[in-house]
Amino acid sequence: MIRLFFFFGILGSMVLLGALYVAKAETDAAQARLASLQVELARERSRINTLTANIAHLEDPEQLRALARTHLGFEPVQSAQELSLAELAQVRAEAERMAPQTAQASWQANTPRIRGRQ
């Protein structure tokens, strides 16, 4: 009887020892994966910081002005280009007067012809 208990005790110890080995191996693998993810996270945070700095540089008003002058030929508005309220009302009235004619011409130019109807 004692031999039977001894046998099952050793068998149980071996099973527990195997389970402990498997758990330790899984823990080591998980820790290695965690370390690689932390390295990747640090790398991505560095890229985010670099991109944020680039965005800040590109959104700088002086940088935008320089690009607009260089590539688009834009210049600051001169006082001679500004309209008074009376001139603005006149321009608006003229635009409203021209709008129906422009819309009609645009519609006719972009409407496809249907056979049988003209």
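Structure: see above.
Residues numbered from 1 in each chain as written. Predicted model: local features only at pLDDT ≥ 70, side-chain atom pairs only at ≥ 80, totals over all residues. Heavy atoms only, no water.

**Points about the overall build of the protein chain**
Right, on to step 1. Per the secondary structure count, the protein chain includes 3 helices and 0 strands.
Right, on to step 2. Sorting the 118 residues of the protein chain into buried and exposed places 1% on the buried side.
Right, on to step 3. Working note: accessible area of the protein chain is about 11400 Å², and carbon and sulfur atoms make up 63% of it. (Helix = DSSP H or I, 4+ residues; strand = E, 2+ residues; numbered from the N terminus. Buried < 20%, exposed > 50% of the residue type's maximum accessible area, 1.4 Å probe, protein only. Areas by Shrake-Rupley, 256 points an atom, 1.4 Å probe, with all protein chains shown as cover.)

**Quick word on helix 2 (residues 61–72)**
Right, on to step 1. Taking 1.5 Å of rise per residue, 12 residues should cover 16 Å, and helix 2 covers 15 Å from first to last C-alpha, within 8% of that figure.
Right, on to step 2. Just downstream of helix 2, glycine 73 is the residue with a positive phi angle, here 75°. (Expected span 1.5 Å × (residues − 1).)

**Focus on the pattern of salt bridges**
Right, on to step 1. According to the stated counting rule, one finds 5 salt bridges in the structure shown.
Right, on to step 2. Between glutamate 62 and arginine 65 there is a salt bridge, and its shortest N-O distance comes to 2.6 Å. Taken together, the positions of glutamate 62 and arginine 65, both in helix 2 and 3 residues apart, correspond to about one turn of that helix. (Salt bridge = Lys/Arg side-chain N within 4 Å of Asp/Glu carboxyl O.)

**Let's talk about the environment of proline 76**
Right, on to step 1. For proline 76, the position within the fold is in the loop between helix 2 and helix 3 (85–110).
Right, on to step 2. When near neighbours in sequence (up to four residues on either side) are disregarded, proline 76 contacts Arg69 and Gln81. (Contact = heavy atoms within 4.5 Å.)

**Looking at a nonpolar patch on the surface**
Right, on to step 1. Residues Met1, Leu4, Phe5, Phe7, Phe8, Leu11 and Val15 make up a contiguous nonpolar surface patch of roughly 800 Å² in combined accessible area.
Right, on to step 2. Along the chain, phenylalanine 8 turns up in helix 1 (residues 2–58). (Patch = residues over 30% accessible without salt bridge, like charges linked within 9 Å, V, L, I, M, F, W, Y side chains within 5 Å.)

Read these as layout, nothing more, since geometry by itself doesn't imply function.
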